[in-house]
Every structure is written in C-alpha cells, then in structure tokens.
Amino acid sequence: MILSPGAVGYAGWRAIYSGATPRLDPACHPAIAESAAAVARIVANGAPVYGINTGFGKLASVRIHAEDLATLQRNIVLSHAAGVGDPMPVPVARLMMALKLASLAQGASGVRPETIALLEALLAKGLTPLVPAQGSVGASGDLAPLAHMAATMIGVGEMIVDGAVVPADRGLEHAGLIPLSLGPKEGLALLNGTQFSTAYALAALFEAERLYRSALVTGIVATEAAKGSDAPFDPRIHALRRHRGQIDTADALRRLMEGSAIRASHRIDDARVQDPYCLRCQPQVMGAVLDLLRQAAATLVTEANGVSDNPLIFAGVDGASDEALSGGNFHAEPVAFAADMIALALCEIGSLAERRIAMLVDPALSGLPAFLTPKPGLNSGFMIPQVTAAALVSENKQRAYLASVDSIPTSANQEDHVSMAAHGARRLMPMVANVDAILGIELLAAAQGCDFHAPFTSSAPVEAIRAALRRRVPTLIDDRHMAPDMAAATDLVATGALVTLAGVLPGLD
C-alpha cells in the first residue's frame, strides 16, 4: 500500500497491522532531501544545536566536536538500547516501523533519504527488529524500544527473519542491505517519538473494535437464550438520548434479532415486564464503549500522522535561516489517555458479557436449567466456565488502572513528568486476550441456552453463528472436558469469524 505521510487513515494503519507492506509516496522525497540538507547547513554553521552537535537530555550543554558527530549518533543508539522483557509481536513491531517511517518522511527530522530508504527496505523484505517491550516511560519518546529498532539498522542487535531470530548484521547481509553509518541527528531522530506506544495502542484498538462487534453478537445470542425482549432496542428510545454510539448499537442489535422465532414465541404470554440490565442496557453500555473507541481512534490516527521527533528541523526558505526547534512533541500524553480509554472499553465489554453468563446459569433469572445442563446435580454444566469468566473480568479491572495518572522522573529530573503511555498501551493486549475468552464462554453458554428452546430458532445470523459453533462443539448433555470447548469458541471470537457471520456492524471508520 502507498503510505502518504501525514494523511494515512484508520483503515490504512489497520491494513499494515494486518500484514500490508507500506511503500512511501514518492511525493515526500523532496521534503526529506531538503530537511537533510538543512541539517548539513546547520552543522557547517558550527553553532551549538541540541541533538546535532551537543549531548542529550541532561547533557545538552556538552558541545561535541565535528569529528565526533557520527560517534555521537551511534553512541546514543547503543546506550539507549536498554530494553528488557519479551519481544514485541511482529505485527506490532512492523506497525511501529511504519509509524516511524511516516514521521521521518514528513521532512521535519533532518534524516537523509538513504536512512529512510533502509527503514522502508526492512519492511519490504520482512526484516523485523527484535525489540524488548519494556523500558519506555512514554516521554522523550519511546527511547529504549526505538533504540533497539535503530540498532538493527546499524547492524547491531537481533532481528526476526522468516520467524527465526538472527543477528542484525547477518539479516541485513542476507537481504542485500548495508548497515547505516548514522549522520548528524539521525540517531536521535530514530529514537525520539511515540511510535512504540502508538503502535501498541493502535493494535489494541483494532482488536477492541473486533471485540465490540463480537460482543454484540454474543449478547444477542444470550438475549435469545434468556428469551429477552427486543423492545429496549427500539430506535425511538435511543433517538431521545442522542448518543451516536448508542443509536448505532441499538440498530445493530435490533437487526441481529430480526425474524427470530424464539422472540416471537414469547411475545404474547411472557409475564416479565423488564429484562435485567445486562440484556436491557446493552445499547447504553456498548454504545458508550463505541463512542469511547471512536474517540480513541481519532486521537491515535492524529498521533500516527504527526511528527513527534525533537528537535524539529525547519529548512530556511526565501533566504530565511534553517532552524532546529526544541519542543516536547515526544511526550505521549495523548496516547496515554487513548490507551486508558481503550482499557476502560475492554473492561466494560467483558464485564457486561460476564453478567449475561451469570444470568444464564442462574435458573431464577434465566428460566433455564441450572448451570445450563439437562441433569443438574449429577452434572455441573457451565458452573466453572462462569467462574473463569468472572476471574478474567476481575483481572482486567486490575489491569485497567489509569496509566496516565502515573509519572516518575527520569534523566536526573530533566524529564520530570512522563506519560507512561508505553505501559498503558502495552497492557492492553493481555486484556484483549481475556475478553476473547470471556466472549468465547458467553457464546458457548448462550448457544446452549438456545438449544433448550428447540424447535424454535433465532434470526438468520444467529443461526449461522450457532451452526458454526456446533460444527466444532456439540451441545453439552453430560459433563465433559470443558477446556477444548472453550478454546474452540474463543477461536471463533479471536479470528473475527463471529463478526463475519453477523454481517455489517458498527465500527470505527
């Protein structure tokens, strides 16, 4: 796909995360060359300019001689490659690389064309830097992880090639690429920026969108299992409150239930006046989730298209002098806020789903056999899958502590307020995995509940979803090993199969 720096939409970033290979729009090449030329002119001028011929951070007052400028840039990469922990997943690391490519290619970082070409080549040839995922506080840029990325470009560290971890110099040689000798400012330009945090946050956002949609599906199957009403999805209710997400969600839920014989079977003689909140308030809760995710998407797409380097290079035009302006675009507070919003949304998707599971296994609330087993007592049925879902919900609550309200000074108090965006974004993927499992359990329980209503059937999309599950997992008659059933149902959620079977559902783009 063509990457147009500063103008990539949500769908474009999602495509890269899903495996598309970005290629720079050639229209950006003149700005890149002029920015690099501006740095060369600044160096020739000889005046001290932060990040070009000075030390970094607290050492900004230390002047570096011209003959040491290349060593300065190499040293910052080597010294800052100090991450720890498990490596970034390859799709997230490639997204980070694409984000850095788009930032540098806007011609405000002073990076030479050949440096940008190497980063582009790594993506094209499938060379992914091995980047430890811990070590950034989300200010002064994601320094440690981005340093590990930059180190591979100079032939240091390790990269992943065809699933194997190889030394970076060997990976470059095998691909016919030559390690960089960094020019003035280039090491700092590669390290500064929010691309690590933004990549993790965007990846989690893409998964959260899938989970929002999947939860609409499992929620409707659960509603059918409980013989819930579709009256709470009436558009007149939601038009009066005016929230866009709520209106879109109610419309989707109503369409998913259309044509249900299960619903029609109890429309006249059902003595219940109102359903519990976990059914009745799905538009309000899931609509708020959708609004929150849309806001996070707006923030992250803006961030993805911005330049978060420091200092920024403004090439002189019409006789004006070149300028290198130091600011704070590397501070990732917007990303931290967006990550916290995604965490809240993930928490609520799982929490509401677990309440539906709990409702279904309780005969006093659902009207179904206890724990959804035809022979309760002899069999425990869905007793412990509900407990597992409850455990995962509580774990996600603990993970959802707001990262953005935390800060810890670094770099001898020069960097005295940090965003913690890296932590806030990185903790989201384990939350996603938890919600996948919760929705998988709900799908199993809800389909089991619908089985008790035979011969009545649900709507066309719900029946397609039940059929897909039953091809993998038969109806539970007597207790059996539950873990494989749960894994199969969770896979239907995690792969997006439920969303595909459900048809068009609201989203973020």
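Residues numbered from 1 in each chain as written. Predicted model: local features only at pLDDT ≥ 70, side-chain atom pairs only at ≥ 80, totals over all residues. Heavy atoms only, no water.

### Here's the deal with a nonpolar patch on the surface
On the surface, L344, Y401, L402 and V405 cluster together into a nonpolar patch covering about 400 Å² of accessible area. Tracing the chain through its elements places V405 in the loop between α17 (383-399) and α18 (421-426). The exposure class assigned to V405 is exposed, which follows from its relative accessible area of 57%. (Patch = residues over 30% accessible without salt bridge, like charges linked within 9 Å, V, L, I, M, F, W, Y side chains within 5 Å. Areas by Shrake-Rupley, 256 points an atom, 1.4 Å probe, with all protein chains shown as cover. Salt bridge = Lys/Arg side-chain N within 4 Å of Asp/Glu carboxyl O. Helix = DSSP H or I, 4+ residues; strand = E, 2+ residues; numbered from the N terminus. Buried < 20%, exposed > 50% of the residue type's maximum accessible area, 1.4 Å probe, protein only.)

### Looking at the pattern of salt bridges
Within this structure, the stated rule accounts for 26 salt bridges. For E186, the salt bridge goes to R112, with nearest N and O atoms at 2.7 Å. Of this pair, E186 sits in helix α8 (residues 186-191) while R112 sits in the loop between α4 (90-104) and α5 (113-124), placing them 74 residues apart in sequence. With a shortest N-O distance of 2.9 Å, D436 and R210 are connected by a salt bridge. Residue D436 is found in helix α19 (residues 428-451), and its partner R210 is found in helix α9 (residues 195-225); the two are separated by 226 residues along the sequence.

### Describing unusual backbone geometry
Between N310 and the following residue, P311, the backbone shows a cis peptide bond with an omega angle of -10°. Following the sequence through the fold, P311 ends up in the loop between α14 (282-304) and β8 (312-314). Omega for the bond connecting A454 with P455 falls within 30 degrees of zero, at 15°, which places this linkage in the cis form. Following the sequence through the fold, P455 ends up in the loop between α19 and α20 (460-470). Positioned with a positive phi, K185 is a non-glycine residue whose angle comes to about 75°.

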